[in-house]
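For reference, the chains in residue letters:
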Amino acid sequence: MVLLAADGVAIEAVYEPADFDADVTQDAAGRVPVTVVAHGFTGSAGRPHVRRAAAVFRRYGAVITFSFRGHGASGGRSTVGDREVLDLAAAVAWARRLGHRTVWTVGFSMGGSVVLRHAALYPAGGPDAQASRHADGHGSGPADAHGPAHTDAVVAVSAPARWYYRGTAAMRRLHWVVTRPLGRAVGRYGLRTRIHTSDWDPVPLDPAEAAARIAPTPLLLVHGDRDPYFPLDHPRALATAAGPQADLWLEPGMGHAENAADEALLARIADWAARRAPGG
């Protein structure tokens, strides 16, 4: 399936039904939740670790995987978390057009920052939610161009708390890839990721500020204590900003993002979402 983000970029997306017996009528789809998976930088819908996560999440409901712009078979160029919020909104809106009444988003690393900002910029409908929206130049409110795009629960795995972080060797390498012409060539030909050449304008809503705006939507923050990209002050800052409505899991021995999330952790994440999302 090819979706169009609100700015016209073509987004590769895959829908998979739940891996358990269920009627396929529209009414039955409404009773089955759907997980929308937002991969990390240099990932795609077809990468093995994304497919492994989707296989686990299908035990709990349907799954939508997609490739952010500049990744996989999607069009455009990666803006490393900025306009990607439009890609996620298109995928969530598609889930709701398919009839699913309960949708939760699970994002890894860059995708983790995107699900946080998406939840802040696309709240559930109603005047109070609309009044609380913080437009940062690329969110379009509770509805995407193709329909309602709000999520019912949010899981951010290995997400940063702030932009422009260069405090680890891994992040310094990533910044070289993103900001230097030679680095972008490495990204394109070595990492199969096409990266935009322009700076952010405006700078997107900060992840911690986004986390503070998500309540009352349930939020789970998951982070490994051996993450080579973002140390533990990042998940703790996100949890502090989000307040008591957020759950924080600090995972012993875990590294970074979907590559480091084993099947047991993925199942715990899906179980959390199934219990915390409205209707779960």
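Quantities reported herein were computed from a predicted structural model and do not represent experimental measurements.

**Brief notes about the pairing of strand 4 (residues 62-66)**
Each regular strand carries side chains that alternate between the two faces of the sheet. Strand 4 sits mainly inside the fold: five of its five residues count as buried. In strand 4, alternate side chains face the same way, and those of A62, I64 and F66 on one face and V63 and T65 on the other are all buried. Bridge count for strand 2 (residues 10-16) against strand 4 is four bridges, and the pairing is antiparallel. Within the sheet, the bridge partner assigned to Y15 lies in strand 4 and is I64. Bridge analysis of strand 3 (residues 34-38) against strand 4 gives four bridges, and the strand direction is parallel. Looking across to strand 4, one finds that T35 is bridged to V63. In this view, the connection linking strand 3 to its parallel neighbour strand 4 by way of helix 2 (residues 48-57) has right-handed handedness.

**Some thoughts on the layout of surface pockets**
A volume near 1,100 Å³ is recorded for the largest pocket. Every residue lining the largest pocket is counted, 46 residues in all, and those nearest its centre are F41, V80, M110, L174 and V178. Elements that contribute at least two residues to the lining of the largest pocket include exactly helix 2, helix 4 (110-121), helix 6 (169-179) and helix 10 (257-260). By residue number, the principal contributor to the lining of the largest pocket is helix 6, which donates eight residues. Tallied by class, the residues present in the lining of the largest pocket amount to 20 nonpolar, 16 polar and ten charged.

**What to know about the environment of W249**
Tracing the chain through its elements places W249 in strand 10 (residues 246-251). Take W249: its relative accessible area is 18%, and that puts it in the buried class. With 92 residues separating them along the chain, W249 and V157 place their C-alpha atoms 9.5 Å apart. Discounting chain neighbours no more than four positions away, the residues touching W249 are L220, L221, V222, H223, L265, R268, I269 and W272.

**Some remarks on the packing of helix 3 (residues 84-97) against helix 4**
It is at 9 Å that the axes of helix 3 and helix 4 come closest, and there the two elements cross at 70 degrees. Here helix 4 runs roughly perpendicular to helix 3, going by the angle between their axes. When you trace helix 3 past helix 4, the crossing you get is right-handed. Taking contact as the criterion, the partners of E84, V85, L88, A89 and V92 in helix 3 are, on helix 4, M110, V114, V115, R117, H118 and L121. Split into classes, the residues belonging to the contact of helix 3 with helix 4 amount to eight nonpolar, one polar and two charged.

**Concerning the environment of A239**
Secondary-structure assignment places A239 in helix 9 (residues 233-242). Residue A239 is classed as buried on the basis of its relative accessible area of 17%.

**Side note on the packing of aromatic side chains**
According to the stated counting rule, one finds six aromatic pairs in the structure shown. Note on Y165 and F230: the rings are 6.1 Å apart at their centroids and 45 degrees apart in plane angle, and the pair reads as tilted. Remark: F230 occurs in the loop between strand 9 (219-224) and helix 9 and Y165 occurs in the loop between strand 8 (153-157) and helix 6; sequence separation between them is 65 residues. The class of Y165 is buried, set by a relative accessible area of 13%. Residue classification places F230 among the buried positions, given a relative accessible area of 5%.

**Description of the sheet that holds strand 1 (residues 2-4)**
Two orientations exist for strands paired in a sheet by backbone hydrogen bonds: parallel and antiparallel. The strand order 1-2-4-3-5-8-9-10 describes an open sheet built from eight strands, whose pairing is mixed. At either end of the open sheet lies a strand with only one pairing partner, and these are strand 1 and strand 10. Within this sheet the neighbouring strands show an average axis-to-axis angle of 20 degrees, counted without direction. One ladder, built from five bridges, connects strand 3 with strand 5 (residues 103-108); its direction is parallel. Paired with A38 across the two strands is G107, which belongs to strand 5. Contacting strand 3, strand 5, strand 8 and strand 9, helix 4 crosses the sheet at an angle of about 145 degrees to strand 5. This element, helix 9, spans strand 9 and strand 10 of the sheet and lies at about 165 degrees to strand 10.

About the criteria used
Residues numbered from 1 in each chain as written. Predicted model: local features only at pLDDT ≥ 70, side-chain atom pairs only at ≥ 80, totals over all residues. Heavy atoms only, no water. Buried < 20%, exposed > 50% of the residue type's maximum accessible area, 1.4 Å probe, protein only. Helix = DSSP H or I, 4+ residues; strand = E, 2+ residues; numbered from the N terminus. Pairing = 2+ DSSP bridges. Right-handed = clockwise from strand over helix to strand, strands pointing away. 1 Å grid on protein atoms, 1.4 Å probe; cavity = no way out; pocket = protein on both sides within 12 Å on 5 of 7 lines; lining within 4 Å. Points joined across faces, edges and corners; volume = space filled by probe spheres on them. Nonpolar A, V, L, I, M, F, W, Y, C, P; charged D, E, K, R; others polar. Contact = heavy atoms within 4.5 Å. Axes fitted to C-alpha atoms, helices over the stretch in contact; angles between N-to-C directions. Parallel < 35°, antiparallel > 145°, perpendicular 65-115°, else oblique. Left-handed = near helix turned anticlockwise from the far one by under 90°. Phe/Tyr/Trp six-rings, centres within 6.5 Å; stacked < 30°, edge-to-face > 60°.

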